Amino acid sequence: MDAALATALGVIGSAVVAGAAAMYGSRISGRTQREGNAVNGFNSLTDQLQEERKELRTEVATLKAELAAERAESARLRLVLQQSGGPP
């Protein structure tokens, strides 16, 4: 085998290895990008859910306060009714 043939085979072999590495790297890069997008999407949804949860907690607190006020008014009206001689 002369030097030119050995050099040509070396170049062809290097090209094949480089091509395979490029394809493998591309697959890894694509998978990494998809995983990154999934993580970003999950974080976005988590943030939205936390905001909704905060709003719902505020709404529940408001409704509890309104219910307490209605119960207090109801108790007051029952007392007024009893004091005026109505049924208990």
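Since the model is a prediction, treat every value here as computed from it, not as a measurement.

1. Things to note about the overall build of the protein chain
When helices and strands are tallied, the protein chain shows one helix and zero strands. Within the protein chain, the proportion of its 88 residues that are buried is 0%. A total accessible area of about 7,700 Å² is found for the protein chain, and carbon and sulfur atoms account for 62% of it.

2. Concerning the pattern of salt bridges
This structure, assessed with the given rule, holds one salt bridge. Residues E73 and R76 are paired through a salt bridge, measuring 2.8 Å at the closest nitrogen-oxygen approach. Taken together, the positions of E73 and R76, both in helix 1 (residues 3-83) and three residues apart, correspond to about one turn of that helix.

3. Quick word on a negative patch on the surface
A cluster of like negative charges, contributed by D47, E51, E52 and E55, occupies part of the molecular surface. By secondary structure assignment, the location of E52 is in helix 1.

Reading the values: rules and limits
- Residues numbered from 1 in each chain as written.
- Predicted model: local features only at pLDDT ≥ 70, side-chain atom pairs only at ≥ 80, totals over all residues.
- Heavy atoms only, no water.
- Helix = DSSP H or I, 4+ residues; strand = E, 2+ residues; numbered from the N terminus.
- Buried < 20%, exposed > 50% of the residue type's maximum accessible area, 1.4 Å probe, protein only.
- Areas by Shrake-Rupley, 256 points an atom, 1.4 Å probe, with all protein chains shown as cover.
- Salt bridge = Lys/Arg side-chain N within 4 Å of Asp/Glu carboxyl O.
- Patch = residues over 30% accessible without salt bridge, like charges linked within 9 Å, V, L, I, M, F, W, Y side chains within 5 Å.
- Lys, Arg positive; Asp, Glu negative; His and termini not counted.
- Charge placed at Lys NZ, Arg CZ, Asp CG, Glu CD.

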